[in-house]
Amino acid sequence: MDRNIRKASFYYLLKSKDTAINFFVVLIISLLVLFVMKKGLLEARGINYVLLIIYVLVLATTLIQANSMIVDLTVKDILSNRVQFFLSCGIDYHKLLTAYSMQIFVLSSIVPLLLFLSVCFYVLTPAPKLIMQLIVVYISTAILGFITILAINIASFSIKKYKLFKNILFFGCFFFIYAIAMFAEDIAAIANRVGVEIWLPITVINIILAIVLLVLFSQKKRALSNEKIVTGGGKWE
């Protein structure tokens, strides 16, 4: 049954128009950034700046797609009572939550992974130290991305107003990305002045955020039950 749910959710997302549109939008944005990087326009600002931009892109392309998929899969399944049907059949919500989160993470990680590989082996001048830094940043960002997806999915099981929930996800993600992108040059300049390699604070911040989200939403997850979800009664408003 668990495998069938994973397969069904995966194929549903593959056939979704919203998933396809978001995939091609983030792919085009990533290709444009890669083109700029290949011309050396970003690398001239220093490796700290380049690493910060890559970090923002990997996290942004993951969350933009994931947020849309959560609304398209988890929220729609709740509003259509499909989730309630699964739970009424005896499926534990932990398994449903994990299955949805894993499939969303897998699909939303395709473009970030291609972006990361392109930067490592095509765009930047090969250097073992730089590639290792990129690998550490990518892995820590991917872990943060998955835990964020899991946390948002946990929250979606107890939300009452899903339209508001969707808007918070969209504008919250946009504001976060915009803020980092706007101050990327200043952040990189500060790191250069104090002699810090930016990959280290990025990794530490990723780990701290992942632990905080995991602790907060693990408590939320324990407070949920099949019965509470079935009788939750959220609405699109």
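Located above this text is the structure these notes cover.
Quick summary incoming for the structure in this document. (Residues numbered from 1 in each chain as written. Predicted model: local features only at pLDDT ≥ 70, side-chain atom pairs only at ≥ 80, totals over all residues. Heavy atoms only, no water.)

**Some thoughts on the overall build of the protein**
- Within the protein, the regular secondary structure consists of ten helices and zero strands.
- In terms of overall dimensions, the protein is globule-like: its C-alpha atoms have a radius of gyration of 19 Å, near the 18 Å expected for 237 residues.
- Dimensions of the protein, computed from C-alpha atoms along their principal axes, come out at roughly 60 × 35 × 30 Å.
- Here the protein holds 237 residues, and the buried ones make up 44% of them.
- Sequence-distant contacts, at least 24 apart, represent 86% of the contacts inside the protein between residues at least 6 apart.
- Working note: accessible area of the protein is about 12,700 Å², and carbon and sulfur atoms make up 71% of it. (Helix = DSSP H or I, 4+ residues; strand = E, 2+ residues; numbered from the N terminus. Rg over C-alpha atoms; globule rule 2.2 N^0.38 Å. Buried < 20%, exposed > 50% of the residue type's maximum accessible area, 1.4 Å probe, protein only. Contact = heavy atoms within 4.5 Å. Areas by Shrake-Rupley, 256 points an atom, 1.4 Å probe, with all protein chains shown as cover.)

**Quick look at helix H8 (residues 162-194)**
- A rise of 1.5 Å per residue sets the reference length of H8, with its 33 residues, at 48 Å; its end C-alpha atoms lie 45 Å apart and thus fit the reference within 8%.
- A maximum bend of about 55° is found in H8 at Ala184.
- What H8 keeps buried is the set Tyr162, Phe165, Leu169, Cys173, Ile177, Ile180, Ala184, Ala188 and Ala191.
- Two residues or fewer past H8, Gly195 is found with a positive phi of approximately 75°. (Expected span 1.5 Å × (residues − 1). Bend = angle between axes of the 7 residues up to and from the residue.)

**Overview of the side chain of Asn22**
- By the element assignment, Asn22 lies in helix H2 (residues 17-38).
- With residues up to four places along the chain from it excluded, the contact list for Asn22 reads Ile64, Gln65 and Ser68.

**With respect to the pattern of salt bridges**
- Enumeration according to the criterion identifies three salt bridges in this entry.
- Between Asp77 and Arg82 there is a salt bridge, and its shortest N-O distance comes to 2.3 Å.
- Measuring nitrogen to oxygen at the nearest pair gives 2.9 Å for the salt bridge that ties Lys129 to Glu197. Separated by 68 residues along the polypeptide, Lys129 in helix H7 (residues 128-156) and Glu197 in the loop between H8 and helix H9 (199-223) bring together distant segments of the chain. (Salt bridge = Lys/Arg side-chain N within 4 Å of Asp/Glu carboxyl O.)

**Concerning the nonpolar core**
- Ile54, Tyr55, Val119 and Leu134 are the most contacted members of the largest nonpolar core, which has 36 residues in total.
- Per-element accounting of this core gives the leading share, 13 residues, to helix H3 (residues 47-79).
- Core analysis: the second largest hydrophobic core is formed by 33 residues, Leu87, Tyr100, Tyr162 and Leu224 among them. (Core = buried A, V, L, I, M, F, W, Y, C linked by side-chain atoms within 4.5 Å.)

**Structural notes on the side chain of Thr19**
- Position of Thr19 among the secondary structure elements: in helix H2.
- Leave out the neighbours within four places in its chain, and Thr19 touches Leu13, Met69 and Asp72.

**A closer look at the environment of Asn22**
- Note on Asn22: relative accessible area 18%, which makes it buried.
- Between the C-alpha atoms of Asn22 and Lys163, which are 141 residues apart in sequence, the distance is 19 Å.

**Here we look at the packing of H3 against H9**
- With their axes 10 Å apart at the nearest point, H3 and H9 run at an angle of 25° to one another. As summarised for this structure, H3 and H9 are arranged roughly parallel, according to the angle between their axes. Contacts between H3 and H9 involve Leu51, Leu52 and Tyr55 from the former and Trp199, Ile202 and Asn206 from the latter.
- Within the contact of H3 with H9, the residues separate by chemical class into five nonpolar, one polar and no charged. (Axes fitted to C-alpha atoms, helices over the stretch in contact; angles between N-to-C directions. Parallel < 35°, antiparallel > 145°, perpendicular 65-115°, else oblique. Nonpolar A, V, L, I, M, F, W, Y, C, P; charged D, E, K, R; others polar.)

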